Each structure stands twice: as C-alpha cells, then as structure tokens.
Amino acid sequence: MRKLWDPEAALECCLLVIFIATAVDIFWSIQTGTELLAFERNPIAAYVIKWGNRSNINGVGLLCALKVLNTYLVVRLCSYLYKVRPRLGGCVTAGITACQLLVIWYLYFGANGK
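Given the structure is predicted, the values throughout are model-derived calculations rather than measurements.

Colleague: Tell me about the overall build of the protein, and please be specific about residues and values.
Modeller: Secondary structure assignment for the protein yields 5 helices and 0 strands. Across the protein, helices and strands are ordered from the amino to the carboxyl terminus as α-α-α-α-α. Computed over its C-alpha atoms, the radius of gyration of the protein comes to 17 Å, more than 25% above the 13 Å expected for a compact globule of 114 residues. If you line up the protein on its principal axes, its C-alpha atoms span 60 × 30 × 20 Å. Of all 114 residues assigned to the protein, the portion counted as buried reaches 29%. Sequence separation of at least 24 residues holds for 59% of the intrachain contacts in the protein that already meet a minimum separation of 6. As displayed, the protein offers around 8300 Å² of accessible surface, 67% of which is attributable to carbon and sulfur atoms. Measuring between centres, the 11 positive side-chain charges of the protein sit 7 Å from its 6 negative side-chain charges.

Here you go:
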C-alpha cells in the first residue's frame, strides 16, 4: 500500500522553508544595510550590529554571518533529533518552520504598519 504522507519528505520541506526564510531575512538585512540599525527590533541583532561597527567590522555583515551559522546549527540539530527521536524531531522542526514563516510574513506585511 502506498503511503499518503512521507514524514521524511515533510521534514525536508520544513528544512527548505527554514533555509528560504533565512535567505529572505539576510537579503533584507543586506538591502537595508546602513538603515537596518535604525529600525531593528531584535535587541540581540542591534547589539551585534553595534558591536561589529565599533570593532571596525561591518556590523550587518557580521549579523548575516551569524544568521548563516545559526541556521546551519538549527538544521543540523533538527536532522539529528529526527534521526534519534523522529516524533520529537518532527515537532521541533515544525515549530521552527512556523516561526520562520511568521518572520517572512512580518518582513513583507507586518513591518509596513509602523
């Protein structure tokens, strides 16, 4: 009997959404460049940008590099969790994917309100 639902394919789709959301976020970070610090709402991101700028490093570039590194670590963790405990790994990955979809929504629709 053919499966109607392939959990591994669903996991891969979720991981792809996580990568795409990170790419969109990095795109907008680079696109806004110098103005990013003025309207950044994440205090950790604002701190990283300020620290990078004070250290003669491009603060936005440093932030983007950290986003790439953290996304890699999250995807590896999700994959590992899915291999060790598939149900837990699937739930964690689905939750992160939902948050990333909210980030994309906010970047395109939510930030226009202010």
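Colleague: Go over the packing of aromatic side chains with me, naming the residues and quoting the values.
Modeller: In this structure the tally under the stated criterion is 2 aromatic pairs. Taken together, Phe 27, Trp 28 and Tyr 108 form an aromatic cluster joined through their ring pairs.

Colleague: Lay out the state of the cysteines with the relevant residues and their values.
Modeller: For the coordinates displayed, the defined rule picks out 0 disulfides. Here Cys 13 is not cross-linked by a disulfide; its sulfur's nearest cysteine counterpart is in Cys 14, at 7.1 Å.

Colleague: Could you give an account of the environment of Leu 62, naming the residues involved and the relevant values?
Modeller: Looking at the element boundaries, Leu 62 is found in helix α4 (residues 59-84). Filtering out sequence-adjacent residues up to four positions away, Leu 62 remains in contact with Val 48, Trp 51, Gly 52 and Ile 57.

Colleague: How would you sum up helix α1 (residues 7-32)? Please name residues and give values.
Modeller: In this model α1 runs 38 Å from its N-terminal to its C-terminal C-alpha over 26 residues, within 8% of the 38 Å that 1.5 Å per residue would give. For α1, the complete set of buried residues consists of Ala 10, Leu 11, Leu 15, Ile 18, Ala 21, Thr 22, Val 24, Ile 26, Ser 29 and Thr 32. Contact partners of the buried residues in α1: α2 (36-39), α4 and α5 (86-110). At the exit of α1 stands Gly 33, carrying a positive phi of roughly 50 degrees.

Colleague: Mind laying out α5, listing which residues take part and the relevant values?
Modeller: In a regular helix each residue adds 1.5 Å, so 25 residues correspond to 36 Å; α5 covers 34 Å between its end C-alpha atoms and thus fits that length. Of the residues making up α5, those classed as buried are Gly 89, Thr 93, Thr 97, Gln 100 and Ile 104. Tucked inside the fold, the buried residues of α5 contact α1 and α4.

Colleague: So what about the environment of Ala 94? Which residues, and what values?
Modeller: Relative to the helices and strands, Ala 94 resides in helix α5. Residue Ala 94 is classed as partly exposed on the basis of its relative accessible area of 38%. Taking the C-alpha atoms as reference points, Ala 94 and Cys 14, 80 residues apart in sequence, are found 6.6 Å from one another.

About the criteria used
- Residues numbered from 1 in each chain as written.
- Predicted model: local features only at pLDDT ≥ 70, side-chain atom pairs only at ≥ 80, totals over all residues.
- Heavy atoms only, no water.
- Helix = DSSP H or I, 4+ residues; strand = E, 2+ residues; numbered from the N terminus.
- Rg over C-alpha atoms; globule rule 2.2 N^0.38 Å.
- Buried < 20%, exposed > 50% of the residue type's maximum accessible area, 1.4 Å probe, protein only.
- Contact = heavy atoms within 4.5 Å.
- Areas by Shrake-Rupley, 256 points an atom, 1.4 Å probe, with all protein chains shown as cover.
- Lys, Arg positive; Asp, Glu negative; His and termini not counted.
- Charge placed at Lys NZ, Arg CZ, Asp CG, Glu CD.
- Phe/Tyr/Trp six-rings, centres within 6.5 Å; stacked < 30°, edge-to-face > 60°.
- Disulfide = S-S within 2.5 Å.
- Expected span 1.5 Å × (residues − 1).

The quantities given are spatial measurements derived from coordinates; they are silent on function.
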